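# Chain and residue survey
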Amino acid sequence: MTKRDPSTKRKRRISTKELIPIDGEKLRVLLWDGGYGSYAAQAAALGTNEKRLRLALRGGCFQQATIVRWSKNLGVAPKEIAPEWAILGRNGNGGEPPVVGDWLATEQLTRWIETTNGLQYRIFEMSHRYMNDDRRARGKVYDMGGLSDSDRASLVHYLERHPQICQQIGIHLNIAQNLTALPDANGRDWWVIDRWVPGRTLKEILAAGPMPAAVLVGVMRGIAEGLRALHEHGVIRRELSPRSVLLEEGTNHPVLTDFELAKLLADAPTVAHAADWEHVDDPYRAPEVSAKSPVLGPASDVYSWGRIFLHATTGHLPQVDSDDEAKAVDQLPKSLRVLIGACVAIDTAKRPQSMNEVLQ
C-alpha cells in the first residue's frame, strides 16, 4: 500500500456535527457597528467566506467551534450571536408538535445537521395522525427559511434526490423506504418522511467500541448488498459513513439512508460541486470524490465500505493511508486482509471495481 509523503500538508479535518443556529439580525448589527460595511469586509472580519457569511445572516446553523471563533473575532460572547439552543422535547418548541400531511412530529432526534453542499436538516420521530396502530416514521426536515422563491426553486433537485433514489430502488431490505416528501403548511420547510427503522445509527454503535466479529460480518454484508442495489440502478452513494447507516434493533439489519449527495450516473443535475467538498473533509469518503474533475464509479463506494469495515473492526478510524491503517489491515484474518487492503487503496484501479467482487 502506497504511503503518503509525511511532508505533504494535510487539509484540516472537519467532521459533520450537530449545529446551532445563528441570530442573523444580531450578527448583522454587530458587523455594521464594527465598521464592516461590505460582504467582503464582513466575511474577512469573521475569518470565513461570503457564502457562509450569507448563510449566517439568514439565520443558518454552524458548529460550536465556528461560533466561538466568530464571537472571539467580534469581541463578544458566543451567546450574543447564537443564543443557547436545546434539543426540543416531545412537544416541539413549547407549542404544538409540527404537523406534516398525515404525520405528526412527536420527538426531535437530532439538532441541525449540515450536509457538504450546505443543506441543513434535523430528524424527528413521527407518528400517524389518523391510524391507531402505532405507525411511526423517520422525518427529516430541511430549513428553507430566509431563502427567496427563486433560491428555493433552484434547490428542488437537491431536496428530491433522497426520495428519488428510494423510489428508483423500490423495496430493498438494505435501502430506506420513502413514504412521502412535501413542504410544510407555511412553505418554509421541506419534509422527507421514511419508514421507521427502530434502532440506532452505526455511528452510535461504534462509539461504544469494536463490533463483535459475529455481528460485523452480517452488518458489512448488508451494507454491501445495499450499495450493490444502488450501483445496479446507476447510483453512486459517494459519501457513505456510519452516520447514514441505521441498524435495526434486535436484528442488527443495516439500512442505508440519507441520499442527499448521491450521484446519478444518468444525465441529471449534480447536487454537489467540487468546491463543496473543500469545506468538509470526510475520513470515509474516497479521495477522488473531492477532485476538481471527479471520475466516479462503484470503486468510490468500495473505498468507503472498506474504511467503515476498519472502524468497526478496530473500534477507531485509522488515519487515511497511514501506518496505523496498514497495521489495522495486517491484523485482520488472512481471508479478509487482501480484500480490505485493496478496498482502502488510494489508487482507484487497485480496488475491487464492484460490490459483486467484494461480496464474492
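Attention here is on the structure that accompanies the text. Note that the structure is a prediction, hence the values are computed from the model and not measured.

This next bit is on the overall build of the protein. The helix and strand inventory of the protein stands at 14 helices and 14 strands. Within the span of the protein, comprising 360 residues, buried residues form 48% of the whole. Partitioning the contacts of the protein with sequence separation of at least 6, the portion at a separation of at least 24 is 64%. Working note: accessible area of the protein is about 17,400 Å², and carbon and sulfur atoms make up 51% of it.

Although it is not a glycine, R238 adopts a positive phi angle of roughly 60°. Along the chain, R238 turns up in the loop between β11 (235–236) and β12 (245–248). Under the relative-accessibility criterion, R238 is labelled buried at 4%. The phi dihedral of N252 falls on the positive side, at around 60°, and the residue is not glycine. Along the polypeptide, N252 turns up in the loop between β12 and β13 (254–256). Relative accessible area serves as the criterion here: at 32%, N252 is assigned to the partly exposed category.

Q42, A43, A45 and L46 are the residues of helix α2 (residues 39–46) that are buried. Looking straight down α2, one finds that the buried residues subtend no more than 160° of arc, so they occupy a single side. Looking one or two places after α2, you find G47, whose phi comes out positive at around 80°.

On to the packing of helix α1 (residues 24–33) against α2, then. Put simply, α1 and α2 touch, their axes get as near as 11 Å, and they point 100° apart. With respect to their mutual orientation, α1 and α2 come out roughly perpendicular. Taking contact as the criterion, the partners of L27, L31 and W32 in α1 are, on α2, Q42, A45 and L46. Here the residues of the contact of α1 with α2 are counted per class, giving five nonpolar, one polar and no charged.

Turning our attention to the side chain of R238. One buried charged side chain, R238, makes no salt bridge at all; its nearest oppositely charged neighbour is E239, positioned 7.2 Å away. A distance of 2.5 Å separates a polar atom in the side chain of R238 from the backbone oxygen of L261.

What follows is about the packing of helix α11 (residues 298–314) against helix α13 (residues 334–343). Closest axis-to-axis distance for the α11/α13 pair is 8 Å, and the angle between their directions is 125°. In terms of orientation, α11 lies oblique with respect to α13. Along this stretch, α11 crosses α13, giving a crossing that reads as left-handed. The segment α11 lies against α13, with V302, Y303, W305, G306, F309 and L310 engaging L336, L339, I340 and C343. Its residues assigned to classes, the contact of α11 with α13 shows nine nonpolar, one polar and no charged.

What follows deals with empty space enclosed by the protein. With the rule as written, the count across this model stands at one cavity of 30 Å³ or more. Each pocket or cavity is described by its volume, and for the largest cavity that value is around 90 Å³. Around the largest cavity sit T115, T116, Y121, R237, E239, R243, S244, D258, E260 and L261, which together line it. Looking at side-chain class alone, the lining of the largest cavity contains two nonpolar, three polar and five charged residues.

What the three strands build is an open sheet, ordered β10-β12-β13; its pairing is antiparallel. Of all the strands in the sheet, just β10 (199–201) and β13 have a single pairing partner and so form its edges. Going across the sheet, the axis of each strand differs from the next one's by a mean of 25°, ignoring polarity. With three bridges joining them, β12 and β13 adopt antiparallel strand pairing. Each bridged residue has a counterpart across the sheet, and for V245 the counterpart in β13 is L256.

One pass over the structure, following the stated rule, counts four aromatic pairs. Measuring from centroid to centroid gives 4.9 Å for F62 and W70, while their planes differ by 55°, and the two rings are tilted. Of the two residues, F62 and W70, both sit in the buried class. Geometrically, the ring pair formed by W305 and F309 is tilted, given 5.5 Å between the ring centres and 50° between the ring planes. Of the two residues, W305 and F309 are both situated in helix α11; the distance of four residues between them amounts to about one turn of the helix. Residue classification places F309 among the buried positions, given a relative accessible area of 6%. K140 extends its terminal NZ or CZ atom over the ring of Y121, reaching a point 4.5 Å from the ring centre.

Thresholds applied
Residues numbered from 1 in each chain as written. Predicted model: local features only at pLDDT ≥ 70, side-chain atom pairs only at ≥ 80, totals over all residues. Heavy atoms only, no water. Helix = DSSP H or I, 4+ residues; strand = E, 2+ residues; numbered from the N terminus. Buried < 20%, exposed > 50% of the residue type's maximum accessible area, 1.4 Å probe, protein only. Contact = heavy atoms within 4.5 Å. Areas by Shrake-Rupley, 256 points an atom, 1.4 Å probe, with all protein chains shown as cover. Arc of directions from axis to C-beta. Axes fitted to C-alpha atoms, helices over the stretch in contact; angles between N-to-C directions. Parallel < 35°, antiparallel > 145°, perpendicular 65-115°, else oblique. Nonpolar A, V, L, I, M, F, W, Y, C, P; charged D, E, K, R; others polar. Lys, Arg positive; Asp, Glu negative; His and termini not counted. Salt bridge = Lys/Arg side-chain N within 4 Å of Asp/Glu carboxyl O. Polar contact = N/O pair within 3.5 Å; in protein donor to acceptor, adjacent residues only side chain to side chain. Left-handed = near helix turned anticlockwise from the far one by under 90°. 1 Å grid on protein atoms, 1.4 Å probe; cavity = no way out; pocket = protein on both sides within 12 Å on 5 of 7 lines; lining within 4 Å. Points joined across faces, edges and corners; volume = space filled by probe spheres on them. Pairing = 2+ DSSP bridges. Phe/Tyr/Trp six-rings, centres within 6.5 Å; stacked < 30°, edge-to-face > 60°. Lys NZ or Arg CZ within 6 Å of the ring centre and 35° of its normal.

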